[in-house]
Amino acid sequence: MKYLADQYGGYVVRLNQPDKLMCDVASYLESNISGQMWLDCVQVRYDKDQTVSKLPEAASQERVRMSYWQKDPKFERDCEYRLVLTLPFTGNDPPLEIGVD
């Protein structure tokens, strides 16, 4: 905990039920945002830029996840999880921020 606080600021939040948080966020978004969206919770893999013997299939979910679940091995001590969300939007530019009550 001291490492995380030193690295990222004075406060560390521990989620004891990350699946419940994900379900609550998904439920809120389904009720308040129209259109197709997608939500994923993944544990970060610390193998970015490492040599692999075989890549996953190009159109597979695992291959898509590689774009957001990998991080440089030097950050392995962080033991990070990511909540990844895609939202529908109209126009050429996505919103810069989304407010959630």
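Here's what I pulled together on the structure shown here. None of these values were measured; they are calculated from a predicted model.

### Remarks on the packing of aromatic side chains
One pass over the full model with this rule turns up one aromatic pair. Each ring, one from Trp38 and one from Tyr68, has its centre 5.8 Å from the other, and the planes form 70°; the classification is edge-to-face. Note that Trp38 is positioned in strand β1 (residues 38-43) and Tyr68 in helix α3 (residues 61-69), a separation of 30 residues in sequence. On the basis of relative accessible area, Trp38 is assigned to the partly exposed category, the value being 33%. Residue classification places Tyr68 among the buried residues on the basis of a relative accessible area of 11%. Taking NZ or CZ as reference, Lys71 lies 4.9 Å from the ring centre of Phe75, over its face.

### Side note on the layout of surface pockets
As a volume, the largest pocket reaches approximately 670 Å³. In terms of lining, the largest pocket is formed by 19 residues, of which the most central are Val13, Asp78, Cys79, Glu80 and Tyr81. When residues of the lining of the largest pocket are traced back to their parent elements, those giving at least two are α1 (2-8), α2 (18-32) and β2 (81-86). Of the residues belonging to the lining of the largest pocket, the class tally is 14 nonpolar, no polar and five charged.

### Things to note about the nonpolar core
Formed by Val42, Met66, Tyr68, Trp69 and Val84, the largest nonpolar core amounts to five residues. When residues of this core are assigned to their parent elements, the largest contribution, three residues, is made by α3. Apart from the residues within four sequence positions on either side, Trp69 is in contact with Val42, Gln43, Val44, Arg45 and Glu62.

### Quick notes on the environment of Leu83
Within the secondary structure layout, Leu83 lies in strand β2. Its relative accessible area of 41% is what places Leu83 among the partly exposed residues. With residues up to four places along the chain from it excluded, the contact list for Leu83 reads Met22, Val25, Leu39, Asp40 and Cys41.

### As for unusual backbone geometry
Glycine aside, residues mostly have negative phi, and peptide bonds are mostly found in the trans state. Of note, Asp49 is a non-glycine position whose phi angle comes to about 65°, a positive value. In this fold, Asp49 is placed in the loop between β1 and α3. For Cys79, which is not a glycine, the phi torsion comes out positive at approximately 50°.

The rules behind these values
- Residues numbered from 1 in each chain as written.
- Predicted model: local features only at pLDDT ≥ 70, side-chain atom pairs only at ≥ 80, totals over all residues.
- Heavy atoms only, no water.
- Phe/Tyr/Trp six-rings, centres within 6.5 Å; stacked < 30°, edge-to-face > 60°.
- Helix = DSSP H or I, 4+ residues; strand = E, 2+ residues; numbered from the N terminus.
- Buried < 20%, exposed > 50% of the residue type's maximum accessible area, 1.4 Å probe, protein only.
- Lys NZ or Arg CZ within 6 Å of the ring centre and 35° of its normal.
- 1 Å grid on protein atoms, 1.4 Å probe; cavity = no way out; pocket = protein on both sides within 12 Å on 5 of 7 lines; lining within 4 Å.
- Points joined across faces, edges and corners; volume = space filled by probe spheres on them.
- Nonpolar A, V, L, I, M, F, W, Y, C, P; charged D, E, K, R; others polar.
- Core = buried A, V, L, I, M, F, W, Y, C linked by side-chain atoms within 4.5 Å.
- Contact = heavy atoms within 4.5 Å.

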